[in-house]
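Each chain, letter by letter, is given below.
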Amino acid sequence: LSYEQSMNTVLSQECMRYNKLINKYNRSLADLLKALKGLVVMSSDLEAMATALYANQVPKLWEGAAYPSLKPLAAWVEDLV
């Protein structure tokens, strides 16, 4: 990968951002599942995330790492994949 070309730089930055988002939602979904099973305490962030998922909205917890979008969760995930 050559960083001398601007497209390669942008592509590598987007890959890093995408991987950060994937790690964030994988970690938070695993934590939410543990909280729903009663293995860990349900924090206010996890409760807000569960409420957003139930309402088909992108959780606030993911918005910091995600691309800006006004789409509901189902369409947002479809675009992500």
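What counts, and where the lines are drawn
Residues numbered from 1 in each chain as written. Predicted model: local features only at pLDDT ≥ 70, side-chain atom pairs only at ≥ 80, totals over all residues. Heavy atoms only, no water. Phe/Tyr/Trp six-rings, centres within 6.5 Å; stacked < 30°, edge-to-face > 60°. Helix = DSSP H or I, 4+ residues; strand = E, 2+ residues; numbered from the N terminus. Buried < 20%, exposed > 50% of the residue type's maximum accessible area, 1.4 Å probe, protein only. Arc of directions from axis to C-beta. Contact = heavy atoms within 4.5 Å.

Once that is clear, we can look at the packing of aromatic side chains. Here the structure, examined in full by the defined rule, presents three aromatic pairs. A ring pair is formed by Trp-62 and Trp-76, whose centres lie 5.9 Å apart and whose planes are at 20 degrees; its orientation type is stacked. Placement of Trp-62 in helix H3 (residues 60-63) and of Trp-76 in helix H4 (residues 73-80) is noted, with a sequence separation of 14 residues between them. Comparing Trp-62 with Trp-76 shows no difference in burial state: the two are buried. Centre to centre, the rings of Tyr-67 and Trp-76 are 5.7 Å apart; their planes meet at 20 degrees, and the pair counts as stacked. A network of ring pairs unites the aromatic residues Tyr-25, Trp-62, Tyr-67 and Trp-76 as a single cluster.

Bringing H4 into the picture now. Residues of H4 that are buried: Leu-73, Trp-76 and Leu-80. In an axial view of H4, the angular spread of the buried residues amounts to 60 degrees, which keeps them on one side of the axis. Each element contacted by the buried residues of H4 is listed here: helix H1 (6-37), helix H2 (44-54) and H3.

Any functional reading would require information beyond the geometric quantities listed.
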